[in-house]
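One-letter residues, chain by chain:
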Amino acid sequence: LAAALTKPLRQAQLLEAAARACQVVPLRRAAVKPTAAAEALRTTAVDHPRRILLAEDNAVNGMLAKAMLGHLGYKADVAVNGKLAVEACRRKTYDLILMDVQMPEMDGLEASRQVRLLPGSQPVIIAMTANAMEGDREMCLAAGMNDYLSKPVKLEDLHRIILASNPPDQPSPTP
């Protein structure tokens, strides 16, 4: 085994790993200017500020979601189960909660129901689940969630859902 790479894979990582594996001195990389689309993604948080809570018990999924949020310019608080997510919502107001459905202590469905009972501004709650069976989306909506993302979550889908989420203190986006 010459190298181990993690996804999402970047071209520069692959080139360096291949060069090391072939014992070739890596070529000097030219500075790569970000595309307009990449720059637009990176500034999403500036143009659309959100206070985000990520409720995810799986460490790898949590790191991936945080990395995607970071790519969009966001930092998120993290809760590793539904019980801690509800406690976080008692302490702080969030605009958006990305809620895993299957978690220990308290699942995302029950956590969403309890968040909906809290006084004050209500966050947008987005289910993130590997369950993609018929009826799962309806079950999430019935528990008080606003929308549903199936795993593996794609950056474009996360970007779209963040733009569609409208914090209570901000006006609705114009179509």
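Below is a short write-up of the structure.

### Quick look at the overall build of the chain
A count of helices and strands for the chain gives 8 helices and 5 strands. The order of helices and strands in the chain, counted from the N terminus, is α-α-α-β-α-β-α-β-α-β-α-β-α. Out of the 175 residues belonging to the chain, those deemed buried represent 35%. A fraction of 62% describes how many contacts in the chain between residues 6 or more apart in sequence connect residues 24 or more apart. For the chain, the computed accessible surface area is about 11000 Å², with 57% contributed by carbon and sulfur atoms.

### Examining the nonpolar core
In terms of nonpolar packing, the biggest core is built from 23 residues, with L53, C89, I97, M99, C140 and M145 touching the most fellow members. Elements that contribute at least two residues to this core include exactly β1 (52–55), α5 (82–91), β3 (96–100), α6 (108–116) and β4 (124–129). Per element, the largest residue contribution to this core is 4 residues, and it comes from α5. Of all hydrophobic cores here, the second largest spans 20 residues; its members include A45, I52, I126 and V153.

### With respect to the pattern of salt bridges
A full pass over the atoms with the stated rule returns 6 salt bridges. A salt bridge links E56 to K151, with the shortest nitrogen-to-oxygen separation between them at 2.8 Å. Pair noted here: E56 is in the loop between β1 and α4 (59–71) and K151 is in the loop between β5 (147–150) and α8 (155–164), with a separation of 95 residues, a long-range link. As a salt-bridge pair, D147 and R137 come within 3.1 Å of each other at their nearest N and O atoms. Residue D147 is located in strand β5, and its partner R137 is located in helix α7 (residues 136–142); the two are separated by 10 residues in the primary sequence.

### Overview of the side chain of S112
With respect to the element layout, S112 can be found in helix α6. For S112, a relative accessible area of 0% corresponds to the buried category. Among all residues touching S112, those that are not within four sequence positions of it are M99, I125, A143 and M145.

### Structural notes on the packing of α4 against α8
Across the interface, α4 lies against α8 with an axial gap of 10 Å and an inter-helix angle of 65°. Note that α4 runs across α8; the crossing there is right-handed. Of the residues in α8, those touching α4 at M68, L69 and H71 are L155, L158 and I162. Looking at side-chain class alone, the contact of α4 with α8 contains 5 nonpolar, 1 polar and no charged residues.

### Considerations on α5
Among all positions of α5, only G82, A85, V86, A88 and C89 are buried. Summarising the axial view, the buried residues of α5 lie within an arc of 160°, below the 170-degree limit, and thus occupy one face. Of the exposed residues in α5, the ones pointing more than 90 degrees away from its buried face are R90 and R91. Here the buried face of α5 lies against β1, β2 (76–79), β3 and α6.

### A word on unusual backbone geometry
The linkage connecting K151 with the following residue, P152, adopts the cis geometry, with an omega of 0°. Its place among the elements puts P152 in the loop between β5 and α8. Although it is not a glycine, E105 sits at a positive phi angle of roughly 70°. Looking at the secondary structure, you find E105 in the loop between β3 and α6.

### Some thoughts on a nonpolar patch on the surface
Where nonpolar side chains cluster on the molecular surface, the patch consists of L5, L9 and L14 and spans about 260 Å² of accessible area. Inspection of the secondary structure puts L9 in the segment before α1 (11–21). Judged by relative accessible area, which is 44%, L9 ranks as partly exposed.

Reading the values: rules and limits
- Residues numbered from 1 in each chain as written.
- Predicted model: local features only at pLDDT ≥ 70, side-chain atom pairs only at ≥ 80, totals over all residues.
- Heavy atoms only, no water.
- Helix = DSSP H or I, 4+ residues; strand = E, 2+ residues; numbered from the N terminus.
- Buried < 20%, exposed > 50% of the residue type's maximum accessible area, 1.4 Å probe, protein only.
- Contact = heavy atoms within 4.5 Å.
- Areas by Shrake-Rupley, 256 points an atom, 1.4 Å probe, with all protein chains shown as cover.
- Core = buried A, V, L, I, M, F, W, Y, C linked by side-chain atoms within 4.5 Å.
- Salt bridge = Lys/Arg side-chain N within 4 Å of Asp/Glu carboxyl O.
- Axes fitted to C-alpha atoms, helices over the stretch in contact; angles between N-to-C directions.
- Left-handed = near helix turned anticlockwise from the far one by under 90°.
- Nonpolar A, V, L, I, M, F, W, Y, C, P; charged D, E, K, R; others polar.
- Arc of directions from axis to C-beta.
- Patch = residues over 30% accessible without salt bridge, like charges linked within 9 Å, V, L, I, M, F, W, Y side chains within 5 Å.

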